[in-house]
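Given next are the chains, with one letter for each unit.
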Amino acid sequence: MTEARPIPQPPSPAIPAKRWAYVIPVAAIMYMLAYLDRNNVSVILPYMHGDLELSNADKGLVGGIFFVGYVFLQIPAAILAQRWSARKTVVILMVAWGLAASLSGLVQTKSQFYAARFVLGFFEGGVWPAVLILLASWFPLRERARANALWMACLPLSSVFMAPLSGWMLDHASWRWVLVLQGVPPLVWAVVWWFAVADRPARARWISRAEAEHVERSIAADEAAKPPAGSGSYLDAVKQKSVLVLIGVYFFWITGFYGFNLWLPSVIKELTHNGSSTEVGLLTAIPFTVALVVMIANAAWSDRTGKRRQAVALPLVVGIAALLLGQAVDGALPRMLLLCVTAAAVYAPYGPFWAIPGQLLRFEVVAVAMGLINALGNLGGFAGPYLVGWLTDATGSSVTGFAVLSGFLAVAVALVTLGLRTGTSPVCRLSEQAAEGA
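Relative to the helices and strands, Asp 199 is located in the loop between helix H9 (185-196) and helix H10 (209-225). Residue classification places Asp 199 among the buried residues on the basis of a relative accessible area of 10%. In terms of polar contacts, Asp 199 uses its side chain to reach the side chain of Ser 85, at 2.7 Å. Polar side-chain contacts of Asp 199 include one of 2.9 Å to the backbone nitrogen of Arg 87.

Quick look at the nonpolar core now. A general trend in soluble globular proteins is that nonpolar side chains are found buried together. Membership of the largest hydrophobic core comes to 126 residues, with the highest contact counts inside it found for Trp 128, Trp 151, Trp 193, Trp 253 and Tyr 350. Among the elements that make up this core, the one with the highest residue count is helix H12 (residues 241-271) (16 residues). Not counting residues up to four positions away in its chain, the partners in contact with Trp 151 are Ile 24, Ala 27, Ala 28, Tyr 31, Trp 128, Val 131, Leu 132 and Leu 135.

Another aspect to go through is the pattern of salt bridges. The final tally for this structure, using the stated rule, is seven salt bridges. Among the salt bridges present, the one from Arg 146 reaches Asp 303, with a minimum N-O distance of 2.8 Å. In this pair, Arg 146 sits in helix H6 (residues 141-152) while Asp 303 sits in helix H13 (residues 277-305), placing the two residues 157 residues apart along the sequence. Close ionic contact of Asp 199 with Arg 203 constitutes a salt bridge, the shortest N to O distance being 3.8 Å. Taking relative accessible area as the criterion, Arg 203 reaches 53% and is therefore assigned exposed. Among the charged side chains, a network of salt bridges with common partners joins Arg 19, Glu 143 and Glu 211.

Conventions and cut-offs
- Residues numbered from 1 in each chain as written.
- Predicted model: local features only at pLDDT ≥ 70, side-chain atom pairs only at ≥ 80, totals over all residues.
- Heavy atoms only, no water.
- Helix = DSSP H or I, 4+ residues; strand = E, 2+ residues; numbered from the N terminus.
- Buried < 20%, exposed > 50% of the residue type's maximum accessible area, 1.4 Å probe, protein only.
- Polar contact = N/O pair within 3.5 Å; in protein donor to acceptor, adjacent residues only side chain to side chain.
- Core = buried A, V, L, I, M, F, W, Y, C linked by side-chain atoms within 4.5 Å.
- Contact = heavy atoms within 4.5 Å.
- Salt bridge = Lys/Arg side-chain N within 4 Å of Asp/Glu carboxyl O.

Dropping the structure here:
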């Protein structure tokens, strides 16, 4: 496939870029808090000490059932963000998920814990596509992977800061209080979000007229260069082969991603020979620090070269090798190094991957496509944790589970490498247009 290169823009050296300092940090902190409520359970589960009588398969189900609830609001929230307001959609969901997160600390039975995690996923599910729609109104395509990656840096950053915090809190309070207290910050940040975020440049008070006009002119040029999606209906957009391929890529990648993420603290606890929760939390932050650096670097390379497909596939190949090698080596240090490599590899594709739908589809239909990709793809967040837990119970070892995760990542690599190669695909036509104009 001829890779897409950034669409050429007229030089504008005097254009300010306040949007990078205003939009990205507020959105990143917001989703960091969402990811905290998704990720804290991975730190908490090894230290529940028989509470609720959870087997390994049950623990995998606790991590995975979140993503069953996560599916339902993906498309509705994306459409609301595109047709109504991303700002208002997110603030409503933020308040709802903060309350749900705190209530999950009050559960008394295993079934109630499943239900609480499902409800938390339900309300968090609409945030991701809504923010992607927001970023599409603020950053032209040639900046999109970097904007996505800087916002999505909240994913590893959340683990860098919040895993040690959760570990420290567990040393001083019960797991129930950890969950209750960690549901409060989203309620506070909802106020900041309401006053700091605008749906588009023309509505922001802090942006200069020159920057607003530059952004809107650049995005309009991007839209004009995109191929039409049939009649322009949502159905025509999601029936495109490339969109279906992206759903498959995301599902198999996310299966490996969350299967690794949920069980990482448990692996580190094993490496430390049952170290304290603070020690495990601090060590868990190391792989995510490496992931943060690699994630941003890969996105910058993708924007500079336009090689979105390689920027997704190559890190996943490295991740497959590291996952498999990690099951074959002995010694805490080599295994820790391989955990760092794996974390970097599974996080690196985020920015480039989410730049692809905006490259394929016009703004009026990209919302539902991104919602569908995220909704169906994130079912892998159920499959991965549950598979590792079930296979660990069945075999007495995590080796089989992580080998299966490697297989899922391999399918993702095959799909992104072979499934988007067709020369008649919209992304290829777009890249040819960009090359001609370069």
